[in-house]
Structure formats: C-alpha cells, structure tokens
Amino acid sequence: MGRFLNIGNDRYEAFSKTKYFIDKTRMLNVLLEKDADEKFICSSRPRRFGKSVTANMMTAYFSRGADSRSLFEPLKCTKDVLFLSSMNQYDTIFVDIQAQFVTAAAIGTDPSQYISKSVVRELKEAYPEWIQEEMALNTALGIINHETGNQFVIIFDEWDYPVRELGLESKERSAYIDFLRVLFKSSDAMSYIRLAYLTGILPMVRAKGQSAVNNFHEYTMIRPKDLGEFTGFTEEEVAWLCERYHADFQKMKEWYNGYNINGRPVYNPLSVVRAVAEKDFGQFWTETGTYEDIGELINRDFDGLREAVIEMLSGNRIPVNVTGCKNDMHTFTDKNQVITTLIHLGYFAYDKAEQEAYLPNKEIQEVFYKYLENDTGDNLSLFMKLSEEITAAVLTMDEDKTAALVQQVHNDFISSIEYNDENSLSCTITVALLALFKYYHKPVREFPCGKGFADIVYLPLAKYPNRPVIVVELKWNKSAAAAVAQIKERSYPASLQEYSGEILLVGITYDKKTKEHQCRMESFLK
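Residues numbered from 1 in each chain as written. Predicted model: local features only at pLDDT ≥ 70, side-chain atom pairs only at ≥ 80, totals over all residues. Heavy atoms only, no water.

Glancing now at the overall build of the chain. Tallying secondary structure elements over the chain gives 22 helices and 16 strands in all. Counting only C-alpha atoms and orienting by the principal axes, one finds that the chain spans roughly 90 × 50 × 40 Å. In the chain, which comprises 526 residues, the share counted as buried stands at 56%. Counting contacts in the chain only where the partners sit at least 6 residues apart, residues at least 24 apart contribute 68% of the total. Per element, the accessible surface of the chain, about 22400 Å² overall, is 47% carbon and sulfur. Averaging the locations of the 60 positively and 74 negatively charged side chains of the chain gives two centres separated by 2 Å. (Helix = DSSP H or I, 4+ residues; strand = E, 2+ residues; numbered from the N terminus. Buried < 20%, exposed > 50% of the residue type's maximum accessible area, 1.4 Å probe, protein only. Contact = heavy atoms within 4.5 Å. Areas by Shrake-Rupley, 256 points an atom, 1.4 Å probe, with all protein chains shown as cover. Lys, Arg positive; Asp, Glu negative; His and termini not counted. Charge placed at Lys NZ, Arg CZ, Asp CG, Glu CD.)

Before going further, it helps to examine the packing of helix H19 (residues 379-395) against helix H20 (residues 399-412). The N-to-C vectors of H19 and H20 enclose an angle of 155 degrees; their axes lie 9 Å apart at closest approach. By the angle between their axes, H19 is roughly antiparallel relative to H20. Considering only the axes of H19 and H20, their crossing is left-handed. Listed contacts from H20 to Phe383, Leu386, Glu389, Ile390, Ala393 and Val394 of H19 are Lys401, Thr402, Leu405, Val406, Gln408 and Val409. A breakdown of the residues in the contact of H19 with H20 according to their chemical character gives eight nonpolar, two polar and two charged. (Axes fitted to C-alpha atoms, helices over the stretch in contact; angles between N-to-C directions. Parallel < 35°, antiparallel > 145°, perpendicular 65-115°, else oblique. Left-handed = near helix turned anticlockwise from the far one by under 90°. Nonpolar A, V, L, I, M, F, W, Y, C, P; charged D, E, K, R; others polar.)

Quick look at the sheet that holds strand S6 (residues 233-234) now. Overall, antiparallel pairing links the three strands, which are arranged S6-S8-S7 in an open sheet. Edge positions in the open sheet fall to S6 and strand S7 (259-261), since each of these has one partner strand only. Each of S7 and strand S8 (264-267) is contacted by helix H13 (residues 249-256), which is oriented at about 90 degrees to S8, the strand it contacts most. (Pairing = 2+ DSSP bridges.)

Attention now moves to the pairing of S8. Bridging between S6 and S8 involves two bridges; their strand directions are antiparallel. For Thr234, the partnering residue across the bridge sits in S8 and is Val266. Sheet topology places S7 next to S8; three bridges connect them, and they run antiparallel. Pairing of Tyr259 across the sheet is with Val266, part of S8. Linking two consecutive strands that pair antiparallel, namely S7 and S8, is a turn of two residues; a positive phi of about 55 degrees is found at Asn262 within it.

For the rest of this paragraph, the subject is unusual backbone geometry. Phi at Lys225 takes a positive value of approximately 50 degrees, unusual for a residue other than glycine. Tracing the sequence through the fold places Lys225 in the loop between strand S5 (217-219) and S6. Here Lys225 falls in the partly exposed class, since its relative accessible area comes to 40%.

As summarised here, the arrangement of the five strands in space is S2-S3-S4-S1-S5, forming an open sheet in which the pairing is parallel. For this open sheet the edge positions go to strand S2 (91-96) and S5, each flanked by a neighbour on one side alone. Here the average twist between neighbouring strands, direction ignored, is 15 degrees. Here strand S3 (residues 152-157) runs beside strand S4 (residues 193-200); their pairing, made up of six bridges, is parallel. When the sheet's bridge partners are listed, Ile154 is paired in S4 with Ala196. Packing of helix H10 (residues 171-185) onto the sheet brings it into contact with strand S1 (40-44), S3 and S4, and relative to S3 it is tilted by some 160 degrees.

So, about the environment of Met397. Looking at the element boundaries, Met397 is found in the loop between H19 and H20. By relative accessible area, which is 31% here, Met397 ends up partly exposed. Spatially, the C-alpha atoms of Met397 and Leu504 are 8.6 Å apart, while their sequence positions differ by 107 residues. For Met397, the contacting residues outside a window of four places in its chain are Leu504, Met521, Glu522 and Ser523.

Between the first and last C-alpha of H10 there are 21 Å, a value that for 15 residues agrees with the 21 Å anticipated at 1.5 Å per step. Burial in H10 covers these residues: Arg173, Tyr176, Ile177, Phe179, Leu180, Leu183 and Phe184. Looking down the long axis of H10, one finds its buried residues gathered within 155 degrees of arc, a one-sided arrangement. (Expected span 1.5 Å × (residues − 1). Arc of directions from axis to C-beta.)

On to the side chain of Thr25. Residue placement: Thr25 occurs in the loop between helix H1 (10-16) and helix H2 (26-32). Given a relative accessible area of 0%, Thr25 falls into the buried group. Here Asp23 takes part through its side chain, which lies 2.6 Å from a polar atom of the side chain of Thr25. A polar contact is formed between the side chain of Thr25 and the backbone nitrogen of Cys77, at a distance of 3.0 Å. Apart from the residues within four sequence positions on either side, Thr25 is in contact with Tyr12, Met57, Phe72, Leu75, Lys76 and Cys77. (Polar contact = N/O pair within 3.5 Å; in protein donor to acceptor, adjacent residues only side chain to side chain.)

What follows is the structure, given as structure tokens:
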C-alpha cells in the first residue's frame, strides 16, 4: 500500500470504532448504482461536514489489496451482489489536494506536477512493465487500462483548495485546472475511470475558460440530489446520539439544527459531536474558521446586500437567486452571488422549495454577533450600535426614542421594505431589535397566547431569567394605544406569566399618511 495508491482501510476502520460514529455507508450503494455517464461526481459541503470521512470510507471500500469485508459487514450498507463484487476490486487513488499543495510550496515545486509524479511513481511500482516515471498521470492510467482492463477510482479531498485560495492570475491555479482537464476529460478517461469523486467546500469551476471539469455531476448544499441524506447528521441520528449519551435534544436543535437538505433538517456533525462529548452547547464548528471568512464577503458594496444580511440576522428569510455562482472567492457581481457562496460555506441555509436564504441556527447567529461586536467600523457594525440603542430604549420604556430610532432603521437601513400591512412592519421591528438576541431567543412570530396570537414575542434566555418577556403588537394605520389595548384585551400577559415576573407590552404602529412610527408601552407585573 502506498501514500496515494490503494492506501487501504486503516483510517476508516479507526473512525468506525469511535464513540460517536454515525453510519453513512449506504452512500456506497447509491454510488455503485450510478450509470456510466454519472461516474464523475463533485460533492461540496461546508467545513467539517464529513467530507474527509466520506473520502476515507470510499477509499476503504474500493482499494484493491485491502480486505474490508469484516469492516463493512456490521454496517448499514446493503450487501447485495453488486456491493460484494465491487469491494476492494479497484486501484484507488486518494489525494488530499490541500496537503499536497502546501507540501509542494514548501519544497518550491509546481503542485500539479508534484501530485502527478508522486502518483505515477507508485503506479510504476505496481505496474513496472508498462509505466515510466516521466509519464503524465493520465497517460499512465490509460496504458494500464489498455493493457490490463483495470479501472481506477480517483478521490480528491479538498479538490477546490487551489481555485478557492489562489488568485485568478496564479500560475499554480491555472496549471491545476489544466491538470484536471487532462485527467478527467482526456479521450481515455471514460475507459480508465470507474468513479471520480471530488469533494470540497465550493461547487465546480464555471468561469469563462475554466470549463475543464464540466462533465462532473454536482451535489451541493443547494442541490444535494440523492446524496442529501449523507450530508451532515439527520435529526434521527442526532436524537439517537442525545438519547445514548444523555444530551439535551431540544438545546441541540436550537444550537445546531436549521440546514435544509431536500426538505429535511440537517445538523453540523462536528458541533453535535462536540456538544455531546462536552455536555455543553456553544460555538464549535465556527471556531474552526475566522471572522474574516464572513467579513470580507458581507461588506462587499452591492445593492441590497447589507439589508439582506441584516434581515437574515434578525430571523427573517430573504429570496435569493442561487444560479451563476462562481467558485473562486474572488469574482462577485451582485448580492446573490455573495449570499450563495455563504450558503455553500455553511453560514446561511437555503430552502430550495421557497428559494429563500436564512440564518440556520444559534451557533451561526453567535458568530455573526461576535463579528459585529468587534466594532470594525463597517455599515453592519454601525447598525448594531443603533440596534443596541433601540434595545436600551425599549427596556427603559422610552416610547418617543423607540419610535424615532425605529423610523431611522427603516429610513437608513431597510427602506426597501414597503409597508402594506402588519407583516411588512414586523420585518422592520425584528431588524430594529436585533441586539435583543444577546439576551433573548429568536423572536417568535404569531405566538399563541391568551385569546389569540401575539405578533412577536421575545422570551429571555435561561441565563437571563430576570429580563422581562417582551410582547410586541403591530398596527398599520392605527394608533399605538390600540395595539397595547389589544394585547390586554386578548389576555396575552396571563398566558406568559410562567416565563417571567415582568412582561413588557410594546405597541408599535405606522401611519401611511404621515409615514411615521409611534410607540406605546406598558409594564405588566405578575
């Protein structure tokens, strides 16, 4: 067994014996059933969503010379004739592209040539009668296939590292794209490849002149297709882990649920495992990146981008056009491309049915707030200061100041929202009260209480039990006093007393003629 060729099953076997192992081996059955024209696959997921584990599983299954029967026997994969006859029957090439690029840079050589020569050297050891070290990788694979009929499984982990991290003018980047083109689109590729599986963070390169790998079928956070259930942890898998290791499933949902894959909730594997292991909840996945990951993107100067980000941070959803995203982290032409990239990176989630983007969970919420608290001086940080001012005005029951600052939010930050009813007004209010998330759960819209439904309710986090419950009633072209009166008439406070000793009643209205907001507040004590 070599470093690249047929590296065996040791890595996956070790992983399968860990305490928090989740079995995703049915994915092998799905891959085996792909038609010949579907055998070029690019599967993209955010960081720490199981990409490398999947690559190691495939390597353990396909690698010629390994004996993985006992490893897969107790697992969920279907052991049909196709599965058993394909196990450990293919020369398998596994390359961690990022690691090899870093190594090549350290020794001052071209990364693509370094990868090609390294793999060919091992092919020469396996097939000395046909292979010479000076051969290109695609040439060597074509000769072996011609002479023996053997096909190859090629697995590239972090395949997108060069196109994601290197500049558009980088020679190493261009050489790598050419390397992919020759390897996967040469005339012999359909013959010598049994399966090509590229996994990374972003989808395939689609920029002009870079259609080198457009024969690949893409599986993404936006279009996961039949590989969706193998992306992250499903709710059933998380519930099983929580039950087995006595973790709070409801808190797990609040912190790490929220990604939508084929209409099903999906959780971040790293965060779930860390929360179960440490019996605590917090930022785990986001600790593996930096705030600069989002700062450079969300502060780009595109019309509507700032407003869209603020709306999502406030718990609202926004429509997004996810077509036309380019995989280079450099070329952006509008807000949709930025938001789509953040979906691929895992910072936003996407509802395919509604074609909407949104903030998935509390963990992601926290990373954005911590970024805003860094006081970078950008527009989003300025908005956060304004929201903190509004929050203080609400909690001190300063009606005039609250109304004036809400007016400022609408004028300066989200003027694109046109008030037609209470629903459109509610978006402005949740945006204005964004800073409440430091002390409160996400706002609950249409909260059932008393004799009806409160428009918006903010419930304090467990660690802030002395903060009041905030009940917001909205009116369009009516008085603020009428809004507060409705709260009391429908007995909203009586049904909320279990949450706090104090309930703050907030009525906010908008007058279509004067184009002004008004606010009326009352405090209700248990």
